[in-house]
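Secondary and tertiary structure notes
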Amino acid sequence: MIILTVVGARPNFMKAAPIIAAINEHNERVSANGAGRGERSAQTIRHILVHTGQHYDEFMSGSFFSDLKLPKPDIHLGVGSGSHAAQTAKIMKKFEVVLLTEKPDVVVVVGDVNSTLACALVAAKISFDSAGSRPGIAHVEAGLRSFDRSMPEEINRILTDHVSDLLFVTEQSGLQNLQNEGISPDKIHFVGNTMIDSLLTFKEKAETSIILDKLKLHANAGNNGDGKSICRYALLTLHRPSNVDNRSAFLNILDGLEELAADWPIVFPIHPRTRQRVQEFGLQSRLGLNGAEVKPDTARPGGGFRNIILTEPLGYLDFLCLMKHAALVVTDSGGIQEETTCLGIPCVTVRESTERPITIESGTNVLAGTQKEKIRGAVRRQMAIKYCDQRAPEKWDGQAARRIIAALIRTHQERTLSQRSLFQ
Ligand code: UD1
């Protein structure tokens, strides 16, 4: 059985890593048990990792491979940045060649980025032979819906789900959404969340990060080594086009955060898109940054947001460490809403909708909207929380990737028995 997994952008790496680990685990088990015992499952899996190159920086891609112990990609498409159409088309053209050469049994796509949709579409329309055989398409993190079609990710989610053969769902709302869209229940598997598999695997290791020291977040750093306490700080991420690509929308969010910035230091690892916009819109002084160039720096600058600590986008372990110890997280990311839920850290989501309602039902996340008054109110309420009851959502138990691999093996065996190992 050949499984080909696609990664492209930052949030893909932590979702794919546990799947690759589960394949390795399966192969080791098969080798240890000996493949010749007549067990039908005793077949190793050949895995191919394809990186589209949608994200390419060390900050956005490279560091995640080392932090998450991901193998070097077998194939790198090197597509880089571009408009949605140009980026998607470039990935599709290059991925078609890969599929025709490798002819995998299954293509695994994760999440909702342009690479996810581009590769799923190619796999859905490819033909390996005159009978029209093609690989099965497995979508990991299927069924999430924000019901906001102005988000590029929502388009990617809907289209990817509708061309997939196996839909691996992270939360109950996903099951309901897919059912409402008429997707056949035998394609749908509620397996849990592979991003949380990664979080549980690396949660302890994140404590070895030196980021708190580096950002001077220890209240009495230098006094007596081990006795350091961590000061109360907030962690901020912003990168959604709807929040940062429009100057007044961006300013409105900054206004909503001003009170927070006056009370607690805010660590702001700045996404390349956001950094470009700060510069383009001339928001440096509004953010308390000195100078014309937006230069991530570990020192605390002066100015309006006097407590902002701007950094480059951080690696997985550094960011996880900062999330674990934050008093509050403010974000417009999807994955961070889930990670804070699992860690029991209060989160304010600066968006009008979320495709991850379980994070709100579990009690750690608040959907603030994007208006300054609402953001201010949500931040105040979340700042007052002293202890967050940690209730992990159903099946967020570190086993999602194992369930996925078991389902892929089962499907492959059933199809092999019916002499149709590839899909048509
Ligand atoms: C993409 C995903 C989004 C995800 C986000 C995480 C889509 C439609 N969007 O958005 O769902 O939450 O990744 O980061 O797929 N850039 C760099 N270095 C890089 C990559 C990008 O500097 O390694 C810059 C480029 O100028 C690029 C911009 O960042 O134009 C945006 O990158 P892009 O991949 O287009 O979208 P993201 O906003 O990162």
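Residues numbered from 1 in each chain as written. Predicted model: local features only at pLDDT ≥ 70, side-chain atom pairs only at ≥ 80, totals over all residues. Heavy atoms only, no water.

1. Considering the overall build of the protein
Applied cut-off: Strands are runs of DSSP state E lasting at least 2 residues, helices are runs of H or I lasting at least 4, and numbering of each runs from the N terminus. For a compact globule the rule gives 2.2 Å times the number of residues to the power 0.38, and the radius of gyration it is set against comes from C-alpha atoms. Think of it in three bands: with a 1.4 Å probe and only protein chains considered, a residue is buried below 20% of the maximum accessible area for its type, exposed above 50%, and partly exposed in between. Using the Shrake-Rupley algorithm and a 1.4 Å probe, accessible areas are obtained, with residue cover drawn only from the displayed protein chains. His is not counted, nor are the chain ends, whereas Lys and Arg count as positive and Asp and Glu as negative. One atom stands in for each charge, and that atom is NZ of Lys, CZ of Arg, CG of Asp or CD of Glu.
Counting secondary structure elements, the protein contains 16 helices and 13 strands. Radius of gyration (C-alpha) of the protein: 22 Å, near the 22 Å computed for a compact globule of 424 residues. Counting across all 424 residues of the protein, residues that qualify as buried make up 58%. Counting only carbon and sulfur atoms, one obtains 50% of the accessible surface of the protein, whose full area is about 17500 Å². Charged side chains in the protein number 49 positive and 47 negative. The centres of these two groups are separated by 1 Å.

2. Examining the side chain of Ser133
Worth spelling out the cut-off: Polar contacts, as used here, are pairs of N or O atoms within 3.5 Å; protein pairs need one atom able to donate a hydrogen and one able to accept it. Residues neighboring in sequence count only if both atoms are side-chain atoms. In this analysis, two residues are considered to be in contact whenever any of their non-hydrogen atoms come within 4.5 Å of each other.
The residue Ser133 is located in the loop between helix H4 (114-125) and strand S5 (136-142) in this model. Polar contacts involving the side chain of Ser133 include one to the side chain of Asp129, which spans 2.8 Å. In this structure, Ser133 is in contact with Ile126, Ser127, Phe128, Leu422, Phe423 and Gln424, ignoring residues within four places of it in sequence.

3. Focus: the sheet that holds strand S12 (residues 347-349)
Using the following cut-off: Paired strands, as defined in this entry, are two strands with at least two bridges between them according to DSSP. To get an axis, a line is fitted to the C-alpha atoms, and for a helix only the part in contact is used. The angle between two axes follows their N-to-C directions and goes from 0 to 180 degrees.
On the basis of which strands lie adjacent, the open sheet formed by six strands has the order S10-S9-S8-S11-S12-S13 and parallel pairing. Taken across any chain shown, the strands that pair with only one partner, and hence form the sheet edges, are strand S10 (308-311) and strand S13 (365-367). On average, adjacent strands in this sheet sit at an angle of 20 degrees to one another, irrespective of strand direction. Direction of pairing for strand S11 (residues 328-331) relative to S12: parallel, over a ladder of three bridges. Looking at S12, one finds that Val330 is bridged to Val348. Running at roughly 165 degrees to S11, helix H13 (residues 335-343) makes contact with strand S8 (234-237), S11, S12 and S13 of the sheet.

4. A few points about the confidence of the model for the protein
Keep this limit in mind: Residue-level confidence of the predictor is what pLDDT reports, using numbers from 0 through 100.
Scored by pLDDT, the protein has a mean of 92; 92% of the residues are at 70 or more. Across residues 298-304 the pLDDT falls below 50, and counting only partners more than four positions away or on other chains, this stretch makes 21 contacts in the model.

5. A word on the sheet that holds strand S6 (residues 166-169)
Pairing within the open sheet is parallel, and its seven strands lie in the order S3-S2-S1-S4-S5-S6-S7. On the outer flanks of this sheet lie strand S3 (75-76) and strand S7 (188-190), each paired with one strand and no other. Of the strand pairs in this sheet, strand S2 (residues 46-51) and S3 are connected by two bridges, and their pairing is parallel. Residue pairing for S3: Val50 is matched across the bridge by Ile75. Strand contacts of helix H1 (residues 10-33): strand S1 (2-7), S2, strand S4 (106-110) and S5, with the helix running at about 160 degrees to S1, the strand carrying the most contacts.

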